[in-house]
Amino acid sequence: MSDAPTPPPEPAAVPQTFEAAAFADATGATATQMAELERYRTLLDTWNQRINLVGPSAMSVFWRRHAFDSAQLLALAPEARVWADIGAGGGLPGVVLAILLKDTPGGHVHLIESLGKRCVFLREAASELALPVTVHNARAEDVKLTGIDVVTARACAPLSRLFGYARPILRGKVRGLFLKGAAAEAELADARQSWNFEATLIPSRSDASGRIVSVERLARV
């Protein structure tokens, strides 16, 4: 594979005005899933007033900026059942993925977060929504997991460092899908100084300037 952009399964971006109904249309989410996503949105907003989970201004565009940005990953790995979210923070993309995978046999998401306060929130959200998740209060590079299909991260670290965090999980047939912004190509070029890997840049469907970096066969130079 190459770093050249490849067409996404749907149009690369959505209008800035994008609310719950548009999310349901774009993803095919059920009424139950939409209700659980709304409960998660409310929890996230409430907790965000006490601890830093997401930028407060971004809550006004939750359905596009957070929910759809996260949910688009499922279309890129439709057969994946077990995910690991590095630097899970407020649960993006991990909690959104868990809600959408909840009724999928074998669906499970590992939420990896080093900050204890954020893990308290993640556990409360998982408990209230009865989600198929495991919360790991640890540094990603210290977590040993097997049976993972996809490892992901959003707003965690530049790729050169993120690969170090992901390396214990991103082995064998495991695939990385990392949500990035317009600097994705520059981050890939920098990462190649320390890492060997195969990568594809996929345009984001939620943000015209965003990119999803698909990574396989990661190894140190």
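In this text, all values refer to a predicted model and were calculated from it rather than measured experimentally.

## Brief notes about the overall build of the chain
Here's step 1: Along the chain, the regular secondary structure elements total seven helices and seven strands.
Here's step 2: Along its sequence from the N terminus, the chain presents helices and strands in the succession α-α-α-β-α-β-α-β-β-α-β-α-β-β.
Here's step 3: Principal axes of the C-alpha set define a box for the chain whose edges measure 45 × 35 × 35 Å.
Here's step 4: Here the chain, with 221 residues, has 52% of them falling under the buried criterion.
Here's step 5: Summarising the internal contacts of the chain: among those between residues at least 6 apart in sequence, 72% fall at separations of at least 24.
Here's step 6: Carbon together with sulfur atoms contributes 51% to the accessible area of the chain, which is approximately 9800 Å² in total.
Here's step 7: Taking the average location of the 24 positive side-chain charges in the chain and that of its 23 negative ones, the two points are 5 Å from each other.

## Regarding the environment of Arg220
Here's step 1: Following the sequence through the fold, Arg220 ends up in strand β7 (residues 211–220).
Here's step 2: For Arg220, a relative accessible area of 55% corresponds to the exposed category.
Here's step 3: When the C-alpha positions of Arg220 and Cys119 are compared, they lie 30 Å apart, and in sequence the two are 101 residues distant.
Here's step 4: Excluding residues within four positions of it along the chain, Arg220 makes contact with Ser194, Trp195 and Asn196.

## Considerations on unusual backbone geometry
Here's step 1: At the junction of Leu92 and Pro93, the peptide bond is cis and its omega measures out at 10° in the coordinates.
Here's step 2: Within the secondary structure, Pro93 is located in the loop between β1 (82–86) and α4 (94–101).
Here's step 3: At Ala155, a residue that is not glycine, the phi angle is positive and equals roughly 55°.
Here's step 4: Looking at the element boundaries, Ala155 is found in the loop between β4 (150–154) and α6 (159–166).
Here's step 5: Classification of Ala155 as exposed rests on a relative accessible area of 77%.
Here's step 6: We note that Arg217 has phi near 55°; this positive angle belongs to a residue other than glycine.
Here's step 7: Tracing the chain through its elements places Arg217 in strand β7.
Here's step 8: Among the residues examined, Arg217 registers a relative accessible area of 61% and is labelled exposed.

## Description of the side chain of Ser70
Here's step 1: Inspection of the secondary structure assignment puts Ser70 in helix α3 (residues 62–76).
Here's step 2: Here Ser70 is in contact with Leu92, Pro93, Val96 and Leu97, once residues within four sequence places are set aside.

Quick notes on the rules
Residues numbered from 1 in each chain as written. Predicted model: local features only at pLDDT ≥ 70, side-chain atom pairs only at ≥ 80, totals over all residues. Heavy atoms only, no water. Helix = DSSP H or I, 4+ residues; strand = E, 2+ residues; numbered from the N terminus. Buried < 20%, exposed > 50% of the residue type's maximum accessible area, 1.4 Å probe, protein only. Contact = heavy atoms within 4.5 Å. Areas by Shrake-Rupley, 256 points an atom, 1.4 Å probe, with all protein chains shown as cover. Lys, Arg positive; Asp, Glu negative; His and termini not counted. Charge placed at Lys NZ, Arg CZ, Asp CG, Glu CD.

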